[in-house]
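An overview of the molecular structure
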There are 2 protein chains.
Amino acid sequence: MRFSQTFIPTLREVPADAVIPSHRLMFRAGMLRKLANGLFAYLPLGLRSFRKVEQIIREEMDAIGGLEIKPTVIVPGDLWKESGRWDAMGESLLRVKNRLDADFVVSPTAEEVFTAIVRDEVSSYRQLPLTLYQINTKYRDEIRPRYGVMRGREFVMKDAYSYHPNEASLEETYQAMGQAYRRIFKRCGLSVLPVRADSGAMGGTGSEEFMVESDIGDNTLLFCKTCEYAANVEKASCQPDFTLPSAEAKKNIEKIDTPSVKTINELCAFLKTDAKNFIKTLIYKALNVELDLSETPGGEKLEKRKPRADAPEVYPEAFFAVAIRGDLDVNEVKLAAVLKASEVALAPDAEAERLTGAPLGFAGPVGLTKIPVIADTTVTAMQDAITGGLARDVHYTHVAYGRDFTSWRTADLRIVRAGDRCPQCGGELYEKKGNELGHIFKLGYKYTQGMQVRYLDENGKSQVPTMGCYGIGIDRTLASIIEEHHDDAGIIWPSSVAPYQVLIIPVKYEGEMQAAADKLTAELEHAGIEVLLDDRPERPGVKFKDGDLIGLPYRVVVGDKNLAGNCVEIKPRNAKENRLVSLHEAPQELITLIRKDLLN
Amino acid sequence: MRFSQTFIPTLREVPADAVIPSHRLMFRAGMLRKLANGLFAYLPLGLRSFRKVEQIIREEMDAIGGLEIKPTVIVPGDLWKESGRWDAMGESLLRVKNRLDADFVVSPTAEEVFTAIVRDEVSSYRQLPLTLYQINTKYRDEIRPRYGVMRGREFVMKDAYSYHPNEASLEETYQAMGQAYRRIFKRCGLSVLPVRADSGAMGGTGSEEFMVESDIGDNTLLFCKTCEYAANVEKASCQPDFTLPSAEAKKNIEKIDTPSVKTINELCAFLKTDAKNFIKTLIYKALNVELDLSETPGGEKLEKRKPRADAPEVYPEAFFAVAIRGDLDVNEVKLAAVLKASEVALAPDAEAERLTGAPLGFAGPVGLTKIPVIADTTVTAMQDAITGGLARDVHYTHVAYGRDFTSWRTADLRIVRAGDRCPQCGGELYEKKGNELGHIFKLGYKYTQGMQVRYLDENGKSQVPTMGCYGIGIDRTLASIIEEHHDDAGIIWPSSVAPYQVLIIPVKYEGEMQAAADKLTAELEHAGIEVLLDDRPERPGVKFKDGDLIGLPYRVVVGDKNLAGNCVEIKPRNAKENRLVSLHEAPQELITLIRKDLLN
């Protein structure tokens, strides 16, 4: 392709809102333009790399037996009502009404559509397992889209869904997907951090996220300094940093005056002790709680309801007290999982004061009767703790779990932090920020049960299949490749995803230099190498600058002086120095280099 | 690919709403499933052919210098407001509001987005001409989607847009597109009818539609029995079937009583004459009229307005009397074009009676002063006509155009019919129904002017580029291939777009038959041929039936008896008879046949 015949509007300036390298470089290299906040158009150069990422993913999906299909982007809202996500998804779901007032959704993901197809078409165990996927447009109405295509509103996702007669079959596909994902990211030149959601100590792995390290990552990840443990903070656990008491508590509970002392810090100062000796009590409000609350304090007054006729019964709203050691924080993802709630958040102050009968800062688990208490496991070890006294300016000391109060549930609810101990080996954990590029997940029966998928097993018995889902964001993968492969001058494309593999720069596109450049282009293209020939009447400096910016893997400079000796200069984008190669040998040398790159 | 490893849910039954062959066969062959009215999911077999059509189009676009880009599917409503189509497009435009209450559109076409990109990126004549295209999801909120993907709501379209410094450059790209379209449809095995919008006699061709003949076609097309003339009835013209009078009218106009005689038919009977002797006068209401009406009867009272601040000034509503010969009908597309109106329709009865001062059936051009009269060219020849008398039960006879009344405008407004005479050669015209697969169109300055695109020409002067647009519907093209290539048993794929090229059916997939079928599959796949191997434990009859239904171009049957003689049966899907070929020669023979097909 001749530079003059394509459309690569390179820029010297950086768009003001482009704060990360991939965003800046995709704009500057003429790969991408902004249409609106979170909406981008890929220009020819960008689309070439985009399609290569798609194709790598497609090949690896096909290699493990995935079958590509193409449902619509605009899908019936009814399917989302069936699955319950019409209600459960917040405002990030873009909803549309058509001219007949029917509800539609601009797909953010496609569990519903794929499961509906399988429900209609699969009737026998002989059709299982079945792995279907699409590479298609998605939309999420992000509140704050930013970082270019790293967090856009419209994007393209490869999403695969697999259906299985049993857990072993799901496990097999899940493992194959995990391997395929590793190959995909390797082929894209990406160093990914596979992060298991609930690994090691917990047994069974139900989900794995494929992260790339990034300063602007959405996710906090914990890694062990000693073993391979890696987890998203949302799900990370750690080894206990406490021992359960071997004997009874020694001192009796005692009420003390703590005038206007509300915060843990104030209390530490007042009582000259450490936050670890406190039990913090937080009042949470949870929405759409599926757990049975009929036997809990206050639970008898609550009523389960169906948000819609075909949805499961839930408590629309319920309140809980969460007790946790004073130096720790509550992981709300874990809390929501324990409660089977769609959402949890700290209760509004007024509600908290009504339920505890005490001003803020004086809540405590001792004598709390209006709502259930959920204790973090750390609390179960505490036999001489300080807690709020459920009245203004009052605290308790020498509080013992089990003796002075107990809890409705205990669970691991703490946010794990750098410095905590690895749940697998006890090593020290450290933190990194990461962006999620892919996710594989054993969904189980959530959708197949909810949407009433049935097949007949070997014995003619009606069964529900189990299900997995597996996504990769194409745009974000492409941006991450640039994040990992660039320098101050521009992008440094891996050959596998480069828009073209070779850039040929004649110092001037005329005379012998033109003839040699044209011949080299033709020979390389004949061998299936993708070449960009810079035939523009620009100064060499401009062409070199644009070349470094666009970042094709190999640059060939065809100049008068070297041509006199029948040579050209070859420079890999990631090398510092040119190398003189004879004009005659240059094509074969480049072909060999690129073929080798593509094998990696 | 093994049949057992893919997902081809063939059906014996026909969906009740599938009334055309392609719709029936795409469902029965397991290519497609319905998600909702007008929304379909392509299953693996369907998607393979779909991608081949896409790829053929992509290759031909690239071959004429088209550059593929990928804007979003969800686009900012503001761009549509700028172009004026936010107002002008009716309910078929699917509009969405996001969480921030901003307006978006699910793209039905993309003149706005492409022009916005060009406006931002093109600044110099050196960047022109520029042809950009996408192959991307589109949505039109059809009132009555039907015939499967032939008229769905969501579909995929290749849409290209070209920008030029002058008319000659546009003409060059327009011609290249026309040739590319012919190659595309030929490679897809389609017989298309290219229909010029305003060909021949009118000079200059500004648009060409690529139609396939179809009983359920949306379009009525007119063809000449003698020459190559072809036109959509919306734009068709014909040679005059009248001669302009050489002398003055002989008889004086006369008022006659026609008690309760309102329709042309009643008048013909009453006056014992032919409809050709009447001048029919119809009152039309036109919306958003751009034409200047200040000098027309009643026009001085009308006021031009901007529907929105950045839209051009129009008359929101205006009325006209259209006079046409009694045996003809008014082509409202032509009328709207003459008036530069967004829409025209017969005025409501009450309005018509108010403007003519006469009951329905008695309108006429003589003495009509409240609104402008537009005369079809046929009327200009009428020197002894009958017209309504602008009062109850009154008509005029011996009316002469030019003497008794005149018109504000004359124009060709008639609907051309089978039997009319070709505007090019005078031959007889006949009609066919057709479906539009593609359309190429010289847009001119409509969008570039409206959206203020500017570039600097060779002399540093600011100029507006001219523009063309070029679309092909992928889904409809695919369905049309099946419409043209099928028989009672199923589809008969052309090799170029077949999901696989060879179907191998071992009579039983075991023993020597299995070994021979596997070997043949491997040899063909090694040569790049796409093979579907029917390894299912089904009866041969079932496999043959499914094979005919799916319709791959070549079928190879591997049976015990023939294998004993070292032979297999080869049958092209469109041939009646099998042919015995030695097992040894079969691969090369198939490879040769298929390569030959693909060259066509």
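No experiment lies behind these values; they were computed from the predicted model shown.

The subject of this paragraph is the relation of the copies chain B and chain A. Under the fitted operation, chain B is carried onto chain A by 0.0 Å of movement along the axis and a turn of 180°, and the coordinates agree to an RMSD of 0.2 Å. When the rotation and shift are considered jointly, the pair of chain copies conforms to a two-fold rotation axis. For chain B, the minimum C-alpha distance to the rotation axis belongs to Val96 of chain B and amounts to 2.8 Å. An overlap of 100% is found between the interface residues of chain B and their copies at the interface of chain A, pointing to a shared contact surface.

Attention shifts here to the interface of chain B and chain A. The interface is formed by 40 residues belonging to chain B together with 40 residues belonging to chain A. Counting only elements with at least two residues in the side of chain B that touches chain A, the list comes to strand 1 (32-36), strand 2 (39-42), helix 2 (44-63), strand 3 (67-68), strand 4 (74-76), strand 5 (94-97), helix 5 (111-121) and strand 7 (130-139) of chain B. Counting residues per element, the side of chain B that touches chain A draws most heavily on helix 5 of chain B, at 4 residues. Across the side of chain B that touches chain A, the residue classes tally to 25 nonpolar, 6 polar and 9 charged.

Glancing now at the pairing of strand 8 (residues 154-164) of chain B. All names here are of chain B. The buried fraction of strand 8 amounts to 11 of the 11 residues, a majority that puts the element mostly inside the structure. Across the two faces of strand 8 the burial is the same, with Glu154, Val156, Lys158, Ala160, Ser162 and His164 and Phe155, Met157, Asp159, Tyr161 and Tyr163 all buried. Where strand 7 lies against strand 8, 10 bridges are found, and the strand directions are antiparallel. What sits directly across from Thr137, in strand 8, is Val156. For strand 8 and strand 24 (residues 466-473), the ladder comprises 8 bridges, and the chain directions are antiparallel. Each residue of the ladder has a partner; that of Ser162, found in strand 24, is Gly468.

A few words on the sheet that holds strand 30 (residues 567-572) of chain A. Residue and element names in this part refer to chain A. Taking strand neighbours across the sheet as the criterion, the 5 strands line up as 28-27-29-30-31 in an open arrangement whose pairing is mixed. In the strand order of this sheet, the two ends are held by strand 28 (531-533) and strand 31 (579-582), each with one partner. For this sheet the average axis-to-axis angle between neighbouring strands, irrespective of direction, equals 25°. Note: strand 27 (residues 502-506) against strand 29 (residues 554-558), 5 bridges, orientation parallel. In the sheet register, Ile504 faces strand 29, and the bridge partner there is Val556.

Attention shifts here to the pairing of strand 2 (residues 39-42) of chain A. Along strand 2 of chain A, one buried face is formed by Leu39 and Ala41 of chain A and the opposite face, lined by Phe40 and Tyr42 of chain A, is buried too. Taking the residues between adjacent antiparallel strands as the criterion, strand 1 (residues 32-36) of chain A and strand 2 of chain A are bridged by 2 residues, where Gly38 of chain A takes a positive phi near 80°.

With that settled, the discussion passes to the domain arrangement of chain A. Partitioning chain A into structural domains gives domain 1 (16-190 + 443-481), domain 2 (254-411) and domain 3 (500-599). Each of domain 2 of chain A and domain 3 of chain A has a C-alpha centre, and the two are 68 Å apart.

A separate point is the sheet that holds strand 20 (residues 409-411) of chain A. Residue and element names in this part refer to chain A. Taken together, the 5 strands give an open sheet; going across it, the order is 16-14-15-17-20, and neighbouring strands pair in mixed fashion. Lying at the two open borders of the sheet, with one neighbouring strand each, are strand 16 (343-346) and strand 20. Neighbour-to-neighbour, the strand axes of the sheet open up by a mean angle of 30°, direction not taken into account. Relative to strand 17 (residues 373-376), strand 15 (residues 315-325) is paired through 3 bridges, and the arrangement is parallel. Its bridge partner lying in strand 17, Val322 is registered against Ile374. Where helix 9 (residues 349-356) meets the sheet, its contacts fall on strand 14 (279-289) and strand 15, and the angle it forms with strand 14 comes to roughly 110°.

Thresholds, definitions, all that
Residues numbered from 1 in each chain as written. Chains lettered and ligands numbered in written order. Predicted model: local features only at pLDDT ≥ 70, side-chain atom pairs only at ≥ 80, totals over all residues. Least-squares fit on C-alpha atoms with pLDDT ≥ 70 in both. Contact = placed C-beta atoms within 7 Å. Helix = DSSP H or I, 4+ residues; strand = E, 2+ residues; numbered from the N terminus. Nonpolar A, V, L, I, M, F, W, Y, C, P; charged D, E, K, R; others polar. Buried ≥ 20, exposed ≤ 12 C-beta atoms within 10 Å, placed from the backbone. Pairing = 2+ DSSP bridges. Axes fitted to C-alpha atoms, helices over the stretch in contact; angles between N-to-C directions. Domains from an automatic or database assignment.

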